[in-house]
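A closer look at the structure
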Amino acid sequence: MIKPGKVTIVFLSGMIGSGKDEIGKRLVVRHGFHRLAFADALKRKLEVMNPLVQVKADESGNISLPDHMHISNVLSVFGGWDKAKRLPDVRRLLQSEGHSAREVYGRDIFCRPVAAEIREAIASRARSYEDLGKELRFVVTDTRQLFEPYETVLNCGYPIDRLNLGMFYVERPGCAVVNPEADSERFYEGLAYLAQTKIQNDGTIDDLHRFIDESMVPQIMNAPQTNTMAKQFELAATVPHLFQWDLIDTLCDMCKKHKRAGGGARVCKYCLKGNMR
């Protein structure tokens, strides 16, 4: 009997420009991952709507561009979403439309398409006797909400305790929050805390590729089959205040060294994380 292959899902988080997409590309090209993104469905919607957005000359570096352009033209001029989303008005549009969609259709509205793609890939493998024992690897490159990993793995059609899960937070000098009021940029600190590893992307692309190949992928694929990350994902989704701390002056009840985490926790974020593991 052929046993089902391992299913690996890795979530990436980090501020805009930190290198998440580059890591995703490397995992796809070199290590057989399938790239997924929560914002892909939203971007497809905006491409159909094709609204006007503001484009300033100093942002585009091209003074011949008009003040306003349709999204289709912006994507053509800037070569896709990677550069276009850095324009303030485009980013504002993505954030406002994303917030509205979650308010109307539920917070998991953008998790559903990602979970559906994973579910279909698993089902397709199950229908093929030759592929049944093969591994499936997925990387989600734009985790911005604390509940997104759990909502995704919960609905991907595979037992959570049998998934190989990973979470990485990418940091790069000079990257900062663009819009502090947007709900998609409020949880970076909590996401960094949720991640099992922080990636310091402060070198060249070759340095980043070397880290991915020699450190990140072995860590992912050689991780013990435990449900540690699944439990943390569930906590982040169901008890988010544990990950949205604002430090207060009272010292941790356990280590007596660091300040307590917010949300009523009597321990610091370091002891809290240690207890969850």
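Conventions used here
- Residues numbered from 1 in each chain as written.
- Predicted model: local features only at pLDDT ≥ 70, side-chain atom pairs only at ≥ 80, totals over all residues.
- Heavy atoms only, no water.
- Axes fitted to C-alpha atoms, helices over the stretch in contact; angles between N-to-C directions.
- Helix = DSSP H or I, 4+ residues; strand = E, 2+ residues; numbered from the N terminus.
- Parallel < 35°, antiparallel > 145°, perpendicular 65-115°, else oblique.
- Contact = heavy atoms within 4.5 Å.
- Expected span 1.5 Å × (residues − 1).
- Buried < 20%, exposed > 50% of the residue type's maximum accessible area, 1.4 Å probe, protein only.
- Arc of directions from axis to C-beta.
- Core = buried A, V, L, I, M, F, W, Y, C linked by side-chain atoms within 4.5 Å.
- 1 Å grid on protein atoms, 1.4 Å probe; cavity = no way out; pocket = protein on both sides within 12 Å on 5 of 7 lines; lining within 4 Å.
- Points joined across faces, edges and corners; volume = space filled by probe spheres on them.
- pLDDT = per-residue confidence, 0-100.
- Polar contact = N/O pair within 3.5 Å; in protein donor to acceptor, adjacent residues only side chain to side chain.
- Nonpolar A, V, L, I, M, F, W, Y, C, P; charged D, E, K, R; others polar.
- Phe/Tyr/Trp six-rings, centres within 6.5 Å; stacked < 30°, edge-to-face > 60°.

This part is about the packing of helix H2 (residues 40-49) against helix H6 (residues 88-105). Where H2 contacts H6, the two axes come as close as 11 Å, and the packing angle between them is 110 degrees. By the angle between their axes, H2 is roughly perpendicular relative to H6. In this structure, H2 uses Leu-42, Lys-43, Lys-45, Leu-46 and Met-49 to contact H6, whose residues at the interface are Leu-93, Leu-94, Glu-97 and Gly-98.

With twelve residues, helix H1 (residues 20-31) extends 16 Å from end C-alpha to end C-alpha; this agrees with the ideal 16 Å at 1.5 Å per step. Inspection of H1 places Lys-20, Ile-23, Gly-24, Arg-26, Leu-27 and His-31 among the buried residues, and these make up the whole buried set. When H1 is viewed along its axis, its buried side chains cluster within an angular range of 160 degrees and face the same direction. Buried residues in H1 make contact with strand S1 (7-14), strand S5 (136-140), strand S6 (164-171), strand S7 (197-200) and helix H10 (205-221). Gly-32 sits one or two residues past H1 and shows a positive phi near 75 degrees.

Before going further, it helps to spend a moment on the nonpolar core. Ranked by internal contacts, the top residues of the largest apolar core, which has 55 residues, are Ile-9 and Val-74. Those residues in contact with Ile-9 that sit more than four places away from it in its chain are Ile-118, Phe-138, Val-140, Val-153, Cys-156, Leu-163, Asn-164, Leu-165 and Gly-166. Counting residues in hydrophobic clusters, the runner-up holds 15 residues, among them Val-10, Leu-27, Val-139 and Ile-199.

Take the layout of surface pockets next. Counted as a void, the largest pocket has a volume near 630 Å³. Among the secondary structure elements, those contributing two or more residues to the lining of the largest pocket are H1, H2, helix H5 (81-84) and H6. Counting residues per element, the lining of the largest pocket draws most heavily on H6, which supplies five residues.

Let us now look at the confidence of the model for the protein. In the predicted model, the protein carries a mean pLDDT of 84, and the fraction of residues at 70 or more is 82%. Mean pLDDT in the protein bottoms out at helix H3 (residues 57-60), which sits at 50, and peaks at strand S2 (residues 34-36), which reaches 97. Below pLDDT 50 for its whole length, residues 245-249 participates in 13 contacts with residues either more than four positions away or in separate chains.

Looking now at the side chain of Thr-8. With respect to the element layout, Thr-8 can be found in strand S1. A polar contact of 3.0 Å, which involves the side chain of Thr-8, links it to the side chain of Asn-164. The residues contacting Thr-8, other than those within four sequence positions of it, are Phe-33, Leu-136, Arg-137, Phe-138, Asn-164, Ile-220 and Met-221.

So, on to the environment of Leu-42. Considering the arrangement of structural elements, one finds Leu-42 in helix H2. Distance in space between the C-alpha atoms of Leu-42 and Ala-101 is 8.9 Å, their sequence separation being 59 residues.

Turning our eyes to something else, we now look at empty space enclosed by the protein. Evaluated as defined, the whole model comprises one cavity of 30 Å³ or more. Computed from the structure, the largest cavity encloses a volume of approximately 30 Å³. Around the largest cavity sit Ala-37, Phe-38, Asp-40, Ala-41, Arg-44, Phe-110, Pro-113, Val-114 and Glu-117, which together line it. Sorting the residues of the lining of the largest cavity by element identifies H2 and helix H7 (111-127) as the ones contributing at least two each. Of the residues belonging to the lining of the largest cavity, the class tally is six nonpolar, no polar and three charged.

This brings us to the packing of aromatic side chains. One pair of aromatic rings is described through two measures. These are the centre distance and the angle between the planes. Overall, the coordinates contain two aromatic pairs when judged by the stated rule. Ring geometry for Phe-11 against Phe-38: centres 6.5 Å apart, planes inclined by 10 degrees, an arrangement best described as stacked. Taken as a pair, Phe-11 in strand S1 and Phe-38 in the loop between S2 and H2 lie far apart in primary sequence, 27 residues in all. Both residues of the pair, Phe-11 and Phe-38, count as buried. Taken together, a centroid distance of 5.5 Å and an interplanar angle of 85 degrees make the contact between Phe-11 and Phe-233 edge-to-face. You can see Phe-11 sitting in strand S1 and its partner Phe-233 sitting in helix H11 (residues 228-238), a full 222 residues away along the chain. Each member of the pair Phe-11 and Phe-233 is classed as buried. Through successive ring pairs, a cluster of aromatic residues spans Phe-11, Phe-38 and Phe-233.

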